[in-house]
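Examining the three-dimensional arrangement
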Amino acid sequence: FVPLPSPRSRSSFAPSIIPVDDGGGGFVVVHNIIIPHPHHHPSSSSSPPRSPLRASSSSSSSRPAIDVGEFSPRNVRGLESWGTSNGVQMIEGLQLYTEDDGSDYQYVTTVDIPAGTTIMYIPSEMCLSSSIVAIELGNMSNGGLASSVDQLTRIGGQNSIADYHLFLKLLVEYERGEGSPYLPYLDSLPRLYFNSISMTDFCYECLPPLVFSLSRLERVKYDNFRQVLGKVDFISDYTKGDEAVLKWAFNSVYTRAYADKDGQGTDVTITPVGDMFNHGTMTEVEVYFDGPGGNAMVYTTRDVPANSPLRISYGCPTNPSFLFARYGFLDETSPATFCKIMDIPRTPENVDMGMDFSRMLFYHETGDISQEVLDVVLYAKVLANLKSSPETDGYKQAFYQAHMQGDEGTKAGIHEQFRYETLSAIKKHVDTFLESLDALEKKSYGKSLEEHPRLPLILKHNQFVKQTFLKVQANLEAAGVGVMEYA
Ligand SMILES: C[S@@+](CC[C@H](N)C(=O)[O-])C[C@H]1O[C@@H](n2cnc3c(N)ncnc32)[C@H](O)[C@@H]1O
C-alpha cells in the first residue's frame with residue numbers, strides 16, 4: 001500500500017450489504033496501487049491538453065446514446081473496467097455494493113485496511129475539474145459561454161459558476177453519445193433522485209421550514225442554470241429543452257463533485273469511479289487532490305475492518321435537512337438535528353452566542369438540548385424581551401459579556417434565574433412545531449404516490465424529526481415546564 005502525505009484537501013456510510021450481481025462479468029480489482037506522479041501539481045491554465053480517454057466504442061455518432069429519464073435503469077456494470085482501462089487503480093478488496101437492487105451503490109471493503117492507506121487513484125486525465133473544463137468549453141464557444149456565465153453572475157449565481165461549467169460538460173458529453181469517452185461513466189450515473197430538484201410543487205408544501213428553505217436554494221440554482229443555458233452556443237436546442245437531461249446533469253454535478261474546501265480555489269471536480277462513496281456520520285475515507293486539477297486519491301482515515309462500508313462526509317452530520325435537500329436521502333445515523341428555531345434574527349451577537357444550524361441542536365436518542373439552544377433562546381428571546389426596569393436592565397449585556405469572556409459562573413447564574421422562561425420558550429416552539437408537522441402529514445393523506453413518488457421519503461424525514469421533538473417535549477414536561485401554562 002502507498003501511504004500518503006498528510007492531506008490538505010478533504011472531501012466525506014454501516015448497513016447490511018448485498019453484493020452487486022456482476023452478471024458473471026465481475027468487477028476488475030487492481031492489486032497494489034502504483035501512483036505515477038504523486039506530487040504533480042498541474043495548474044489549471046498551464047495544463048497540457050489531456051490525452052483522450054479510451055471509450056468503450058470508437059464510433060463517432062453524435063446522437064445521445066443513453067436514456068437519462070428518471071425511470072431508466074443505470075448501467076454500473078461496465079464502470080470499473082472502463083475506469084481501470086483509463087488509469088484508475090484501486091486496492092484489492094474494494095467492492096461496489098447495492099442494498100436496493102441497483103438504484104444506489106457504495107464502496108465497501110472485504111479486507112482489513114490500515115489507516116493512511118491510499119485505496120484508490122484516479123488520474124487527472126480522467127477527472128473533470130471545473131477550471132480545466134472551463135478552458136475546454138471556452139475553446140468550443142464563439143462567445144455564447146461567456147455571455148451565459150455573465151448572465152449567471154448578474155442573476156446572483158456567481159458562486160455556482162464552477163458547477164455550471166461541469167453541468168455544461170456533462171451535457172456536451174451526453175450529446176456526444178457513442179462518441180464520448182465518458183459514455184460508460186455517464187451510463188453508470190443515477191437517474192432517480194429524491195432531492196429538492198426532483199420534488200413536485202406539492203412535495204414542497206409538505207416540507208418543514210428549514211428543509212423547505214434549503215430546498216428552495218437548490219431549486220433556484222437549477223432554475224438559474226436553465227435560464228442562462230439559452231445563450232450557450234455548443235449545446236443543441238433539443239437538449240436545452242429536455243428537462244430530464246438538464247435535471248440529470250445538474251443532480252450529477254451537485255451530488256457527486258468534490259469542492260475545494262480548503263479555500264485554495266473555487267474548483268469543483270468530478271472523479272469518475274471515485275465518486276461512489278456514500279455519506280456517513282462515521283467516516284472511513286477522504287479524498288485528496290495532489291494540486292488544482294491534479295490526480296485524485298482516496299485514503300483511509302482510520303483502520304477499517306473487512307466488510308465495512310467506506311464512507312466520506314458530505315457535510316455536517318447534524319444538519320440532515322441539508323443532506324436531504326441536496327442529496328435526497330435521510331441520514332438516520334445523524335446524532336442530532338437543528339432545533340428549527342427560525343424566528344431569531346441573525347445578528348453578530350446572536351451568532352457569537354452560537355446561532356448556527358449545526359450548533360443549535362436537539363439530540364435524537366435522548367431529546368437533550370444543546371447549550372447553544374439554551375444560550376441563544378435566553379439571550380435573544382427571554383432577556384431581549386424583558387420589560388425594562390431597574391432590576392432587569394443590564395441582564396442581556398451581562399450575559400453576553402460573560403459568554404464572550406468564558407465566565408461560566410455568571411452565565412450559569414443568569415440561566416438559573418431565567419430557567420423557567422427559557423425552557424418555556426423552547427417548549428412553546430416544540431409544541432407549535434409538532435402541531436405543524438402533524439398538519440403537514442395530514443396534507444399528504446390520499447395523495448397519489450405515482451404523482452408524488454418522493455412523498456414517502458418526505459414523510460419519513462418528518463417522522464424522524466418528530467421523534468426527536470417528542471423526546472425533547474417529554475423531557476421538558478418531566479421537568480415541569482409548560483404545566484403551569486396549561487393548568
Ligand atoms: C456521490 S454519490 C455516491 C454514490 C451513489 N450512492 C451512487 O450509487 O451513485 C451521492 C449519492 O449517493 C446517495 N447516498 C449517499 N450517502 C447516502 C446515505 N448515507 N444513505 C442513502 N443514500 C446515500 C444519495 O443518493 C446521493 O445523492
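Everything discussed here concerns the structure shown above.
Below is a short write-up of the structure.

Conventions used here
- Residues numbered from 1 in each chain as written.
- Predicted model: local features only at pLDDT ≥ 70, side-chain atom pairs only at ≥ 80, totals over all residues.
- Heavy atoms only, no water.
- Helix = DSSP H or I, 4+ residues; strand = E, 2+ residues; numbered from the N terminus.
- Buried < 20%, exposed > 50% of the residue type's maximum accessible area, 1.4 Å probe, protein only.
- Areas by Shrake-Rupley, 256 points an atom, 1.4 Å probe, with all protein chains shown as cover.
- Axes fitted to C-alpha atoms, helices over the stretch in contact; angles between N-to-C directions.
- Parallel < 35°, antiparallel > 145°, perpendicular 65-115°, else oblique.
- Left-handed = near helix turned anticlockwise from the far one by under 90°.
- Contact = heavy atoms within 4.5 Å.
- Pairing = 2+ DSSP bridges.
- Core = buried A, V, L, I, M, F, W, Y, C linked by side-chain atoms within 4.5 Å.
- Salt bridge = Lys/Arg side-chain N within 4 Å of Asp/Glu carboxyl O.

1. Notes on the overall build of the protein
Within the protein one finds 17 helices and 13 strands. Looking at the protein as a whole, 52% of its 487 residues qualify as buried. In the form shown here, the protein has an accessible surface area of approximately 21,500 Å², with 52% of it arising from carbon and sulfur atoms.

2. Examining the packing of helix 3 (residues 144–154) against helix 4 (residues 161–176)
At a minimum axis distance of 11 Å, the contact between helix 3 and helix 4 shows a crossing angle of 140 degrees. Regarding the angle of helix 3 to helix 4, the classification is oblique. When you trace helix 3 past helix 4, the crossing you get is right-handed. From helix 3, Leu 145, Ser 148, Val 149, Leu 152 and Thr 153 reach across to helix 4, where they touch Ile 161, Tyr 164, His 165 and Leu 168.

3. Quick word on unusual backbone geometry
The phi torsion at Val 273 lies on the positive side, around 75 degrees, for a residue other than glycine. With respect to the secondary-structure elements, Val 273 resides in the loop between strand 8 (268–270) and strand 9 (285–289). Its identity is not glycine, yet Asn 307 carries a phi of approximately 65 degrees, on the positive side. Inspection of the secondary structure assignment puts Asn 307 in the loop between strand 10 (296–300) and strand 11 (308–309). Note on Asn 307: relative accessible area 62%, which makes it exposed.

4. What to know about the pairing of strand 10
Along strand 10, 5 of the 5 residues are buried, which leaves the element largely enclosed by surrounding structure. Residues of strand 10 alternate between two faces, with Ala 296, Val 298 and Thr 300 on one and Met 297 and Tyr 299 on the opposite face, all of them buried. Alignment of strand 5 (residues 118–122) against strand 10, held across 4 bridges, turns out to be antiparallel. Looking at strand 10, one finds that Thr 118 is bridged to Tyr 299. In this antiparallel pair of consecutive strands, strand 9 and strand 10, the connection spans 6 residues, and Gly 291 shows a positive phi of 135 degrees.

5. Thoughts on the nonpolar core
Note that soluble globular proteins tend to have their nonpolar side chains buried in a common cluster. Counting residues in hydrophobic clusters, the biggest one holds 71 residues, and the most contacted among them are Tyr 107, Ile 119, Met 120, Tyr 164, Phe 167, Leu 168 and Phe 277. Counting residues per element, this core draws most heavily on helix 4, at 9 residues.

6. Describing the sheet that holds strand 7 (residues 258–259)
If you walk across this open sheet you meet the 3 strands as 6-8-7, and the pairing is antiparallel. The open sheet has two edge strands with one neighbour each: strand 6 (128–129) and strand 7. Where strand 7 lies against strand 8, 2 bridges are found, and the strand directions are antiparallel. From the neighbouring strand, Ala 259 faces strand 8, where its bridge partner is Val 268. Helix 4 contacts strand 6 and strand 8 of the sheet and is inclined by roughly 25 degrees relative to strand 8.

7. What about the pattern of salt bridges?
Oppositely charged side chains can form a pair if their charged atoms are brought close together. Evaluation of the coordinates by the stated rule reveals 21 salt bridges. The partner of Glu 136 in a salt bridge is Lys 169, with the nearest N and O atoms 2.8 Å apart. In this pair, Glu 136 sits in helix 2 (residues 130–140) while Lys 169 sits in helix 4, placing the two residues 33 residues apart along the sequence. Residue Glu 136 is classed as partly exposed on the basis of its relative accessible area, which comes to 28%. Owing to a relative accessible area of 4%, Lys 169 belongs among the buried residues under this scheme. Among the ionic pairs, Arg 226 bridges to Glu 243, the shortest N-O distance being 2.8 Å. Of this pair, Arg 226 sits in helix 7 (residues 209–229) while Glu 243 is found in helix 9 (residues 243–256), placing the two residues 17 residues apart along the sequence. Residue classification places Arg 226 among the partly exposed positions, given a relative accessible area of 37%. On the basis of relative accessibility, which here comes to 33%, the residue Glu 243 falls in the partly exposed class. Among the charged side chains, a network of salt bridges with common partners joins Glu 136, Lys 169, Glu 173 and Arg 176.

8. Thoughts on the environment of Ala 162
Turning to its location among the elements, Ala 162 is positioned in helix 4. On the accessibility criterion, Ala 162 (15% relative accessible area) is buried. In sequence terms Ala 162 and Ala 259 are 97 residues apart; their C-alpha atoms lie 9.5 Å from each other. Excluding residues within four positions of it along the chain, Ala 162 makes contact with Ser 130, Thr 266 and Val 268.

Honestly, that's just the spatial picture; any functional story needs more than this.
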